[in-house]
Amino acid sequence: MSPQTTSFAERAFRILLRLFPADFRGDYGREMEQVFREQQKEANRARGSAGVMRVWWETLTGIFRTAPSEHLSMLRQDITYGVRMLRKNPIYALLAIFTLTLGIGANTAIFSVIRSVLLRPLPYRNGSQLVVVQQSAPGMNFQNVPFSVSELNDYRAASSFSDLVEYHGMNFILFGKDNADRVKTGVVSARYFDVFGVTPILGRTFVHADEEMGAPPVLLLSYEYWQQNQHGDPNIVGKTFTMNDKIHTVIGVLPPVPQYPDENDVYMPVSACPFRSKPTFIADRDSRMMSAFALLKPGVTVVQANAELKTIASRLEKAYPKSYPLEARYIATDAALQKQLTRTASPTLMLLFVAAAFVLLIACANVANLTLARMARRERELVLRSALGAGRSRVLRQLVTEGLLIALPSALLGLAFAGGSLKLLTQFTSRMTPRAREIRMDIWVLAFAIAAAIVTSIVFGSLAAFCSRENVATDLKESTNQSTSSAGRRMHGALIVAQVAFSFIVLVGAGLTLRSFYQLSQVDPGFRPERVLAMNLSLNWQRTVDKTGADRQTVRLIYSRRLLSRLEQLPGMVSVAVASGFPLAPDSVKSGPNQNSIKIDGYTTRAGETVPNSTFRAVSPAFFSTLGIPLIRGRYLSESDTDKAAPVVVINQALADKYWPNLDPIGRKLAVNNDDHWETIVGVVGNVRDFGIEHAPERTVFGPMEQFAFPVTVMVRTSGAPNLAEAAVRQAIRDVDPETAISGVISLTDARRESLASPRVTAELLVTFGALALVIAVAGVGGVLALAVSQRVREIGIRMALGAERTKILRMVMGEGLGMVAIGLVLGCAGALALTRLFESLLFGVPPRDPFTYVGVAVVFLLAAIAASYVPARRAMAIDPIQALRSE
């Protein structure tokens, strides 16, 4: 407090004291003077923040009143002086840079993902106007019903759309000159890429002539397939491949843009698809297979388009009651493509961003505490600078400059840290959205890191200026290495409380996700994945059909029989099976269940209830023994269940519990195709979590391979490691048909692990953030207590000289630290209770307010705080009172 700011009452009181005798002015005078001092400190505290803002205003206005050359001169002086001061205290500089690097690096990495996936506009020319058109039947529990050709034509008439295009995915074999690849193929409308605004990097896209029936088959290659399988051949346009026994010509290569709804290898027009091009398929309103995308007309909103789609859906429901039964409650809607692309990823990414932001706040609080501790040791220096004429604004500029010398290197190192972690984050995000390929660091990410550095510098400088002394004359007498202002001590405590509170929130989030992942890992998938190898097979169906004259179902059946016979002859095979899919297949986990409506003999749907539905899987008899799926009642499928025998099925327990609760379903009938071809239930097996460990088992019907021929997936249970048998299995498949394409080779143990990859990585990232927050916060507690002990050596020495026991000193110091931690835990608990609802949907088997997690985190924090407080408390106990008093 300078003489100019001394209150009139204090000056008057001092004058009155001089009028009285010295004996009167003794203890009473000192007591009253102390009262005035305390009152003045309270007044300073009340206007402290306003004072700092006033200093900042003076600093900023002074910049405009000062010549640029003088600015450069002062900046050069500040930088030179700041570097010299940091060189005198390298431990402080390294700790501060390391802490800020972690905080800024983590935030920059997550911000790169948020910016690329959630904030950046779609990389399509018409991205803001693109919508996904969907139809659903809530009454049948169908949330996303594919479109038929007739329905697509109905919705093309909507006045809200400039254009509407279709898409569906297929798997075919692409025969090149020397190899055969199983390719994921997107079958699209001619104007599909025009609607998206995608221009190929080579060649052209489809035109209307390409989708006319009988047009020459053509292909567009995705960028990834062109690079990986065609080695980026610049002359690829015009080359030919054989697919579906037809010659297809490559007409172009797409740019590296996210593909939605599937990542495909190649694209073909609708006329080239052997299923979509059939006249019977086109004429059947109930033959649904396609997805639909539309381009909104300028000025039309999603809400307006939704209203029109609902009107069209209502009209169709009345015009075609057989295709849209009233109990299905048919409806059509649309949604912005950008939201659809990131719907799954958004909650997880925002959770990670909040956690990273808390880590940055904790790091900044820790560095602020380090800065304040350093300012306490520089108190006399700052007072001398003030005595020599340096104003508060000049000191503030110096302190902010020193903060920048810490923060800017931290930002550069943080950028390097973020760049090194982007590959891991891209792999993690790719499981949730196709936009992961767009993740990169751009100018906005650089601006974010620099802005974080500048803000922290300003905060550090302001805190130090706020807590520095003002009364030059008095402070020259009082400032020592063992003193600090009361504002500084309060600021130390407030920062520690904030660190503990933020750390508790992050640790609770980490604990909840870790417990959730543990619960997931303990879930029984319903089968035994050990030593089972699975792979998808694609045959050249069209060529085989043309050669034999048999239909597609017969070709599949003959091939499956030959394949099973050949595989059973291999050494080390315990069991062999084929099916139309396998549990936890990566593509199935990503796409979700494909439910079909079924009929149940004698079952009447009640009002408001969804019509019976289930997933379906065609399997060979050894399917259940190969996967270790238990039989609950009845029998498994057997070799006698051929196409000549009575039609039979096996159902899982979930289906039995739904439609035959407390009854025996054996012998009852259902129709899997929702027609009048009835199958008899001969067995009930255990539930299998086919589409993700976190999802409840779907109601499932298993039909015998001989009666329901579907595309082939082969599974083998081996006596040894399944991967060692892969080469032999591949050779056996080639022996049966050398043109068979093999893809998706994976052991079921790896499939189970892969299905848990997203929650596992989320838990790992949050645990990493939580551990980092805990270490920083606990280190801050220990550091503040160590500083307090060093500044209270004389006080502690006096206490000991007056008879205070060392254990009492221990309790005093540790109590001070644990008191700050306790306040932080209470505040953190309140914050965690408010924030954990944000990621409730990401938890499995763990409530967001799980008391075990909260108590466990609090106990861990208290134990760590006790350990951190004990070291400076022991140091306080070791103080020699004689030496302490003598040093003063």
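Computed from a prediction, not measured in an experiment: that's the story for all the values here. (Residues numbered from 1 in each chain as written. Predicted model: local features only at pLDDT ≥ 70, side-chain atom pairs only at ≥ 80, totals over all residues. Heavy atoms only, no water.)

**Q** Whenever I open this one, the overall build of the protein chain confuses me. Can you help?
**A** Along the backbone of the protein chain there are 29 helices and 23 strands. Here the protein chain holds 888 residues, and 53% of them are scored as buried. In the protein chain, the proportion of contacts linking residues at least 24 apart, taken out of those at least 6 apart, comes to 81%. Carbon together with sulfur atoms contributes 59% to the accessible area of the protein chain, which is approximately 40600 Å² in total. (Helix = DSSP H or I, 4+ residues; strand = E, 2+ residues; numbered from the N terminus. Buried < 20%, exposed > 50% of the residue type's maximum accessible area, 1.4 Å probe, protein only. Contact = heavy atoms within 4.5 Å. Areas by Shrake-Rupley, 256 points an atom, 1.4 Å probe, with all protein chains shown as cover.)

**Q** Can you help me understand the confidence of the model for the protein chain in this one?
**A** Close reading of the predicted structure is inappropriate where its pLDDT is low. This prediction gives the protein chain a mean pLDDT of 81; 82% of its residues lie at or above 70. Confidence scores differ between elements of the protein chain, with helix 16 (residues 472-478) showing the lowest mean pLDDT of 46 and strand 6 (residues 218-221) the highest of 96. Taken together, the stretch residues 1-9 has pLDDT below 50 and engages in 12 contacts with residues farther than four places along the chain or on a different chain. (pLDDT = per-residue confidence, 0-100.)

**Q** What exactly am I supposed to notice about a nonpolar patch on the surface here?
**A** Together, L408, I443, W444, L446, I450, I454 and I458 make up an exposed nonpolar region whose accessible area comes to about 610 Å². Counting residues per element, the nonpolar patch draws most heavily on helix 15 (residues 443-467), which supplies 6 residues. Considering the arrangement of structural elements, one finds L446 in helix 15. Given a relative accessible area of 33%, L446 falls into the partly exposed group. (Patch = residues over 30% accessible without salt bridge, like charges linked within 9 Å, V, L, I, M, F, W, Y side chains within 5 Å. Salt bridge = Lys/Arg side-chain N within 4 Å of Asp/Glu carboxyl O.)

**Q** Honestly, the nonpolar core in this entry has me stumped. Any pointers?
**A** Most often, soluble globular proteins have nonpolar side chains that are buried together. Residues L349, F504, F769 and F861 are the most contacted members of the largest nonpolar core, which totals 62 residues. Sorting the residues of this core by element identifies helix 5 (90-119), helix 12 (345-377), helix 14 (392-430), helix 17 (486-521), helix 25 (757-791), helix 27 (806-835) and helix 28 (851-877) as the ones contributing at least two each. Residue contributions to this core peak at 13 residues, all from helix 25. Once residues lying within four places of it in the same chain are set aside, the contact partners of L349 are I110, V113, I114, V117, L118, T429 and M432. (Core = buried A, V, L, I, M, F, W, Y, C linked by side-chain atoms within 4.5 Å.)

**Q** How do you make sense of the environment of L118 when you look at a structure like this?
**A** Among the secondary structure elements, L118 is positioned in helix 5. For L118 and L349, which are 231 residues apart along the polypeptide, the C-alpha to C-alpha distance reads 9.0 Å. Every residue in contact with L118, bar those within four places of it in the chain, is listed here: V113, Q338, T342, S346, L349 and M350.

**Q** Would you mind going over the pattern of salt bridges with me for this structure?
**A** Close approach of charged atoms allows side chains of opposite charge to pair. If you walk through the whole model with that rule in mind, you get 25 salt bridges. Between R191 and D163 there is a salt bridge, with the nearest N and O atoms lying 2.5 Å from each other. Of the two residues, R191 is situated in the loop between strand 4 (180-188) and helix 7 (192-196) and D163 in strand 3 (residues 161-175); the sequence distance between them amounts to 28 residues. The buried category is assigned to D163, whose relative accessible area is 16%. A salt bridge links D750 to R753; the shortest N-O distance between them is 2.6 Å. Within this pair, D750 and its partner R753 are both found in helix 24 (residues 748-755), separated by 3 residues, close to a single helical turn. Judged by its relative accessible area of 29%, D750 is partly exposed. Taken together, the shared-partner salt bridges connect R115, R120 and D442 into one network.

**Q** Honestly, helix 27 in this entry has me stumped. Any pointers?
**A** Every α-helix winds through 3.6 residues per turn, so residues three or four apart in the chain are directed the same way. With 30 residues, helix 27 ought to run about 44 Å at 1.5 Å a step, and its terminal C-alpha atoms sit 43 Å apart, in line with that. Residues I809, L810, V813, M814, G817, M820, V821, G824, L825, G828, G831 and A832 constitute the buried set of helix 27. (Expected span 1.5 Å × (residues − 1).)

**Q** Mind showing me how you'd approach the packing of helix 27 against helix 28 here?
**A** If you want to describe how two helices pack, look at the angle between their axes and the distance between the axes. One can describe the packing of helix 27 onto helix 28 by two numbers: an axis separation of 8 Å at closest approach and a directional angle of 155°. Between helix 27 and helix 28, the crossing angle belongs to the class labelled roughly antiparallel. Between helix 27 and helix 28 lies a crossing of right-handed hand. Across the contact of helix 27 with helix 28, the residue classes break down as 21 nonpolar, 2 polar and 2 charged. (Axes fitted to C-alpha atoms, helices over the stretch in contact; angles between N-to-C directions. Parallel < 35°, antiparallel > 145°, perpendicular 65-115°, else oblique. Left-handed = near helix turned anticlockwise from the far one by under 90°. Nonpolar A, V, L, I, M, F, W, Y, C, P; charged D, E, K, R; others polar.)

**Q** I tried to follow the pairing of strand 8 (residues 246-253) on my own but got confused; where do I start?
**A** Bridging between strand 5 (residues 202-203) and strand 8 involves 2 bridges; their strand directions are antiparallel. Along strand 8, the bridge assignment pairs G203 with G252. Note: strand 6 against strand 8, 4 bridges, orientation parallel. What sits directly across from V218, in strand 8, is T249. Two strands pair when backbone bridges link them, and strand 7 (residues 240-243) and strand 8 are joined in this way by 4 bridges, in the antiparallel orientation. Bridging from a neighbouring strand, F241 pairs with H248 of strand 8. (Pairing = 2+ DSSP bridges.)

**Q** Can you walk me through the side chain of S136 in this structure?
**A** As for its placement among the helices and strands, S136 is situated in strand 1 (residues 130-137). When its relative accessible area of 12% is taken as the criterion, S136 is described as buried. If we skip the residues at most four places from it in the chain, S136 touches F142, Q143, V145, R329, Y330 and I331.

**Q** Can you walk me through the packing of aromatic side chains in this structure?
**A** The way to describe two aromatic rings as a pair is by their centre distance and the angle between their planes. Enumeration over the complete set of coordinates arrives at 22 aromatic pairs. A ring pair is formed by F623 and F702, whose centres lie 5.9 Å apart and whose planes are at 40°; its orientation type is tilted. Of the two residues, F623 is situated in helix 21 (residues 623-627) and F702 in strand 21 (residues 700-704); the sequence distance between them amounts to 79 residues. Summarising the burial analysis for this pair, F623 and F702 share the class buried. Within the aromatic cluster, the residues linked to one another by ring pairs are Y124, Y167, Y192, F193, F196, F206, Y260, Y267 and F293. Taking NZ or CZ as reference, R285 lies 3.9 Å from the ring centre of Y320, over its face. (Phe/Tyr/Trp six-rings, centres within 6.5 Å; stacked < 30°, edge-to-face > 60°. Lys NZ or Arg CZ within 6 Å of the ring centre and 35° of its normal.)

**Q** For this particular structure, what's the right way to read the side chain of T700?
**A** You can see T700 is positioned in strand 21. Polar contacts involving the side chain of T700 include one to the side chain of T615, which spans 3.1 Å. Among the polar contacts listed, one links the side chain of T700 to the backbone oxygen of E698, at a separation of 3.0 Å. Contacts of T700, omitting those with residues within four sequence positions, involve S614, T615, V650, I651, N652, L655 and D690. (Polar contact = N/O pair within 3.5 Å; in protein donor to acceptor, adjacent residues only side chain to side chain.)

**Q** Looking at this structure, how should I read empty space enclosed by the protein?
**A** By rolling a water-sized probe across the atoms, one finds the places where empty space is left. Following the criterion strictly, the structure yields 7 cavities of 30 Å³ or more and no others. The calculated volume of the largest cavity comes to roughly 130 Å³. Every residue lining the largest cavity is counted, 16 residues in all, and those nearest its centre are F193, V257, P258, Q259 and Y267. At the level of elements, helix 7 and helix 8 (223-228) are the ones that each hand at least two residues to the lining of the largest cavity. Per-element accounting of the lining of the largest cavity gives the leading share, 3 residues, to helix 7. (1 Å grid on protein atoms, 1.4 Å probe; cavity = no way out; pocket = protein on both sides within 12 Å on 5 of 7 lines; lining within 4 Å. Points joined across faces, edges and corners; volume = space filled by probe spheres on them.)

**Q** Help me out: how do you make sense of unusual backbone geometry in this one?
**A** Working note: non-glycine residues mostly have negative phi, and peptide bonds are mostly trans. Omega for the bond connecting Y260 with P261 falls within 30 degrees of zero, at 5°, which places this linkage in the cis form. As for its position among the elements, P261 is in the loop between strand 8 and strand 9 (266-269). At N244, a position not held by glycine, the phi torsion is positive, near 55°. With phi around 60°, L584 is a residue other than glycine that occupies positive phi space.

**Q** What is the right way to read the pairing of strand 13 (residues 573-579) from this model?
**A** Taken residue by residue, a regular strand's side chains alternate between the two faces of the sheet. Of all the 7 residues making up strand 13, 6 are buried; the element is thus mostly covered by neighbouring parts of the structure. Sheet topology places strand 13 next to strand 22 (residues 713-718); 6 bridges connect them, and they run antiparallel. Looking across to strand 22, one finds that V578 is bridged to V714.

**Q** In this structure, what is going on with the environment of A876? I would like to understand it.
**A** With respect to the element layout, A876 can be found in helix 28. Residue classification places A876 among the buried positions, given a relative accessible area of 0%. Linking A876 and G797, residues 79 residues apart in sequence, is a C-alpha distance of 9.1 Å.

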